[in-house]
Amino acid sequence: MTKIKRRLQRVTRLTPASDRARYGEEWQGDIEAADTAGANADRISRGAVRMAIHLRVRQTGRLLLGQFGVVPAVVAWLLLAVVAALALIFGGVTLLAGLGVAAAVIAVLTRTGVQTHWSHFVLLASLIVGAASAAFVWWTLGLSIDAADSFTPEPPVTHWAGTALVLVVLSALGVLVTAIIATVTEAGRRSGGPQPR
């Protein structure tokens, strides 16, 4: 088996199950046509890799936005909340990993998008502000603990922790609102109803 055919098998497994048959056959046909015509089959297989990643990212975003049902979305967000909590509690490498996960979620939802411009903006702003506010709360909590251990007054910046917590809650509400919008517009699209712009 050639390297390109092995890559195509891996790419087909990476593709979401709902798209696997369609794209697998299409990519296989393109590779065979490329071999017959002497075209660059390697370039076609690399394009298949990019498409498979795009499809998987879009599926993950749709899952987070509740388009596969409320229960899977809630479970996914709870898992992300656990990762965030562990990152804030343990800090260090765990915090860096948590920030990486947050960046990945932002990237996934940016590529998935939602159906209106303003809700897309609310989604991204909520994720960025929420992640930054949570990091700020974690940092000020560390300052407060250090101050208590050394029996010194807390730095003035720690008084902003409450405001940052409010921003975290508002950001979570922003993500929830955009998830509801995405779910409703997806249902409208499937039923053939009008879609907001």
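Just so we're clear, the structure is a prediction, and the values are computed from it rather than from any experiment.

Once that is clear, we can look at the packing of aromatic side chains. All told, the structure shown has two aromatic pairs when counted by the stated rule. Taking 5.6 Å as the distance between ring centres and 35° as the angle between the ring planes, the aromatic pair formed by Tyr23 and Trp27 counts as tilted. On the criterion of helical spacing, the pair formed by Tyr23 and Trp27 is a turn pair, its members being four residues apart in helix α2 (residues 17-37). Aromatic pair Phe136 and Trp139: ring centres 5.9 Å apart, planes at 55°, arrangement tilted. Separated by three residues within a single helix, Phe136 and Trp139 lie in helix α6 (residues 117-149), roughly one turn from each other. Taking relative accessible area as the criterion, Phe136 reaches 24% and is therefore assigned partly exposed.

In the contact formed by helix α1 (residues 3-14) and helix α3 (residues 41-64), the axes pass within 9 Å of each other and the chain directions differ by 15°. The orientation of α1 relative to α3 falls into the category roughly parallel. Crossing geometry of α1 relative to α3 is assigned as left-handed. Residue-level contacts link Ile4, Arg7, Leu8, Val11, Arg13 and Leu14 of α1 to Ala41, Asp42, Ser45, Arg46, Ala48, Val49, Ala52, Ile53 and Arg56 of α3. Per-class residue counts for the contact of α1 with α3 are nine nonpolar, one polar and five charged.

The biggest cluster of nonpolar side chains holds eleven residues, and these are Ile4, Leu8, Val11, Tyr23, Trp27, Ile31, Ala34, Ala41, Ala48, Ala52 and Leu55. Of all elements in the fold, only α1, α2 and α3 reach the threshold of two or more residues within this core. For Leu8, the residues in contact, after removing those within four places along its chain, are Trp27, Gln28, Ile31 and Ala48. Listed in part, the ten residues of the second largest apolar core include Leu65, Ile106, Leu123 and Leu127.

For the rest of this paragraph, the subject is a positive patch on the surface. Judged by side-chain charge, Lys3, Arg6, Arg10 and Arg13 come together as a positively charged surface patch. With respect to the element layout, Arg13 can be found in helix α1. Given the relative accessible area of 57%, Arg13 is considered exposed.

With that settled, the discussion passes to the confidence of the model for the chain. Summary statistics for the chain give a mean pLDDT of 79 and a share of 85% for residues scoring 70 or more. The lowest-confidence element of the chain is helix α7 (residues 161-191), averaging 77 in pLDDT; the highest-confidence one is α3, averaging 84.

Glancing now at α1. Since the α-helix turns once every 3.6 residues, residues separated by three or four places project in the same direction. Its twelve residues give α1 an end-to-end C-alpha distance of 17 Å, which sits within 8% of 16 Å, the value for a rise of 1.5 Å per residue. Every buried residue of α1 is accounted for by Ile4, Arg7, Leu8, Val11 and Thr12. The arc that holds every buried residue of α1, seen down its axis, measures 140°, which confines them to one face.

Parameters at a glance
Residues numbered from 1 in each chain as written. Predicted model: local features only at pLDDT ≥ 70, side-chain atom pairs only at ≥ 80, totals over all residues. Heavy atoms only, no water. Phe/Tyr/Trp six-rings, centres within 6.5 Å; stacked < 30°, edge-to-face > 60°. Helix = DSSP H or I, 4+ residues; strand = E, 2+ residues; numbered from the N terminus. Buried < 20%, exposed > 50% of the residue type's maximum accessible area, 1.4 Å probe, protein only. Axes fitted to C-alpha atoms, helices over the stretch in contact; angles between N-to-C directions. Parallel < 35°, antiparallel > 145°, perpendicular 65-115°, else oblique. Left-handed = near helix turned anticlockwise from the far one by under 90°. Contact = heavy atoms within 4.5 Å. Nonpolar A, V, L, I, M, F, W, Y, C, P; charged D, E, K, R; others polar. Core = buried A, V, L, I, M, F, W, Y, C linked by side-chain atoms within 4.5 Å. Patch = residues over 30% accessible without salt bridge, like charges linked within 9 Å, V, L, I, M, F, W, Y side chains within 5 Å. Areas by Shrake-Rupley, 256 points an atom, 1.4 Å probe, with all protein chains shown as cover. Salt bridge = Lys/Arg side-chain N within 4 Å of Asp/Glu carboxyl O. Lys, Arg positive; Asp, Glu negative; His and termini not counted. Charge placed at Lys NZ, Arg CZ, Asp CG, Glu CD. pLDDT = per-residue confidence, 0-100. Expected span 1.5 Å × (residues − 1). Arc of directions from axis to C-beta.

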